[in-house]
Amino acid sequence: MKLFKQTLLAVAIACSTASAWADEVQVAVASNFTKPLEAIAEKFKAASGHDLKISAGATGKLYAQIENGAPFEVFISADSKTPKKLVEAKMAEADSQFTYAFGKLALWSSTEGYVDDKGEVLTKGDFKHLAIANPKTAPYGEAAMGIFGKLGITDTITPKLVTGENITQTYDFVSTGNAELGFVALSQVQKEGKLKSGSAWVVPQDMYTPLSQDAVLLSSAKDSASAKALLEFLKGEEAQTVISSYGYGLPEKTATKEK
Amino acid sequence: MLSASDWSSIWLTFKLASLTTLILLLIGTPLAWHLAHTRRWWKAPLSAVVALPIVLPPTVLGFYLLITLGPKGPIGQLTHSLGLGTLPFTFSGLLVASVFYSLPFVVQPIQNAFEALDMRLLEASRTLRAKPMDTFFSVVVPLARPGFLTACILGFAHTVGEFGVVLMIGGNIPDKTRVVSVQIYDHVESMEYAQAHWLAGGMVVFSFIVLLLMYTLNRGIRMSKI
């Protein structure tokens, strides 16, 4: 299977024009996926020779940049809504959109033992600041608001909320201790299946709608072999292993399309 | 047009800029006097420190404020032990940050005005037995008026225009830390371009009027170099 995909990739690259060798791919990536993408970039470079030029930001901001002509070729979003909007606006290729991972939400504190493994610290409310990503623009923030609603604590928790403009800033608020705890992406606090520091509650999947994260090929790059190779690589086993080690859920295996 | 949260951000910005300017006049005036007249070795390093916020990106300032004012930082631990809590995500925190951020814009015009003073007038005042405070308010302040005016306007306007620092230590809390610049950013991010236009356009008009006012008022008065 792995061998097959690699062969496919090698063939795809070999068939592309000579200029595709050692190309650069301009990638816009949602902040929460920056770390895994950097790890994937190394493997991609080894497999294909292409370099990734990574620009990270909040999904909403990247959308606005792409809409206004930013020179990205591949968009790796933190949701599925935004790539769809780009497709509808004819700025991305419809048939290239796919889910590469499911984001998982974690309630995290940089202090050991502060967050219990059931998240009861939320209802006890013994903290001054709880950080979330801006619910208007970041999917992880929106999911956090949904959890407050489910627990019926929206009103009591709202005065304590501080919002980061994206999930990375939210992480910074918590890691510097300025907010005692906050909802971050599990991928930010976990590496190789283990919590890097502090304490966390991995929010059960049934408490929020799955954060399907989609990638899409932007129309400006529809003829770029290297950009297409990256999207194929993201679906491949090698990339998926990296993705899951960072604490993402994987999309269900669909039958490999025979070409 | 403008929503309730837009108005609240405008009021908050006005409050922040006014208080910052007031505090900066109180701190900045003696500092400017000292810098204008001292011949000690620390004049150059102190001037450099005062001017730092002009050069540093707001993200650097915001980053260090977040760390030093936070519960793990030295100032954060001090404010915590004094029972004040920690400053990030509070209005007081923004105030402290703004004072740092706008310091050179208040100190430098006043310092330049002080340096341009004719010292003989001060000596004359002293020979007439005026007390130092009297000399200061009756001779120095009127003579340095253009400098003070420029300082007030620049200090106020620069605080209104503050964005990066607020974004990094404010936490975007309505009525507490969500100032106009952050509110505009939020509108743009959420693709509420119409609302963003009202506020952003308002900022352009406001800034133009403020600067126009400054140049008009200072014209005619013998200007000290800024």
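Procedures and definitions
Residues numbered from 1 in each chain as written. Chains lettered and ligands numbered in written order. Predicted model: local features only at pLDDT ≥ 70, side-chain atom pairs only at ≥ 80, totals over all residues. Heavy atoms only, no water. UniProt positions renumbered as here; feature names shortened; annotations may be inferred. Helix = DSSP H or I, 4+ residues; strand = E, 2+ residues; numbered from the N terminus. Buried < 20%, exposed > 50% of the residue type's maximum accessible area, 1.4 Å probe, protein only. Lys, Arg positive; Asp, Glu negative; His and termini not counted. Salt bridge = Lys/Arg side-chain N within 4 Å of Asp/Glu carboxyl O. Polar contact = N/O pair within 3.5 Å; in protein donor to acceptor, adjacent residues only side chain to side chain. Contact = heavy atoms within 4.5 Å. Domains from an automatic or database assignment. Buried area = accessible area lost by both parts, 1.4 Å probe. 1 Å grid on protein atoms, 1.4 Å probe; cavity = no way out; pocket = protein on both sides within 12 Å on 5 of 7 lines; lining within 4 Å. Points joined across faces, edges and corners; volume = space filled by probe spheres on them. Nonpolar A, V, L, I, M, F, W, Y, C, P; charged D, E, K, R; others polar.

As recorded by an unreviewed UniProt entry, chain B carries the name Molybdenum transport system permease and is attributed to Thiothrix caldifontis. Regarding chain B, the relevant UniProt record gives this comment under Sequence similarities (unreviewed entry): "Belongs to the binding-protein-dependent transport system permease family. CysTW subfamily." The UniProt entry for chain B carries the following text under Function (unreviewed entry): "Part of the binding-protein-dependent transport system for molybdenum; probably responsible for the translocation of the substrate across the membrane."

Within an unreviewed UniProt entry, the label attached to chain A reads Molybdate transport system substrate-binding protein, and the organism entered is Thiothrix caldifontis. The Sequence similarities (unreviewed entry) comment attached to chain A in UniProt states, word for word, "Belongs to the bacterial solute-binding protein ModA family."

Undergrad: Give a detailed account of the side chain of Arg178(B), specifying residues and quantitative values.
TA: Residues and elements named next belong to chain B. With respect to the helices and strands, arginine 178 occurs in the loop between helix H9 (164–170) and helix H10 (180–189). Aspartate 186 provides the closest opposite charge to the buried, salt-bridge-free arginine 178, at an N-O distance of 4.0 Å. Side chain to side chain, arginine 178 and asparagine 172 meet in a polar contact 2.6 Å long. For arginine 178, the residues in contact, after removing those within four places along its chain, are Ser9, Leu12, Asn172, Ile173, Gln183 and Asp186.

Undergrad: Tell me what's going on with the domain arrangement of chain A, and back it up with residues and numbers.
TA: Residue and element names in this part refer to chain A. If you check the domain split of chain A, you get domain 1 (2–102 + 211–245) and domain 2 (105–202). Computed from C-alpha atoms alone, the centre-to-centre distance between domain 1 and domain 2 is 28 Å. Taken together, the contact pairs eleven residues of domain 1 with 15 residues of domain 2. Across the domain 1 to domain 2 interface the summed buried area is about 990 Å²; carbon plus sulfur atoms make up 55%. Three residues, Asn32, Leu211 and Ser245, lead the burial of domain 1 against domain 2; their summed loss comes to 45% of the area buried on that side. For glutamate 165, the salt bridge identified is with lysine 61, shortest N-O distance 3.3 Å. Counting every contact that joins domain 1 to domain 2 gives three residue pairs in polar contact (both at pLDDT 80 or more). Elements with a minimum of two residues in the side of domain 1 that touches domain 2: helix H3 (59–67) and strand S12 (211–217).

Undergrad: Pulling in residues and values, what's your account of empty space enclosed by the protein?
TA: Enumeration according to the criterion identifies two cavities of 30 Å³ or more in this entry. Reported here for the largest cavity is a volume of approximately 60 Å³. Per-class residue counts for the lining of the largest cavity are seven nonpolar, five polar and no charged. Composition of the lining of the largest cavity by domain shows at least three residues from each of domain 1 (2–102 + 211–245) and domain 2 (105–202) of chain A. Taken as a whole, the second largest cavity encloses approximately 50 Å³ of empty space. Forming the boundary of the second largest cavity are Asn134(A), Thr163(A), Gly164(A), Glu165(A), Gln169(A), Val166(B), Leu167(B), Gly171(B), Asn172(B), Val182(B) and Asp186(B). Put simply, the parts of the chain that give the lining of the second largest cavity at least two residues each are strand S7 (161–164) of chain A together with H9 and H10 of chain B. In terms of residue class, the lining of the second largest cavity is made up of three nonpolar, six polar and two charged.

Undergrad: Break down the pattern of salt bridges for me, citing the residues and quoting the values.
TA: Residue and element names in this part refer to chain A. Tallying each qualifying case throughout the model produces eight salt bridges over all chains. Here glutamate 24 ties to lysine 53 by a salt bridge, and the two come within 3.8 Å at their closest N and O atoms. Of this pair, glutamate 24 sits in strand S1 (residues 24–30) while lysine 53 sits in strand S2 (residues 51–57), placing them 29 residues apart in sequence. Accessibility expressed as a relative area gives 40% for glutamate 24, which makes it partly exposed.

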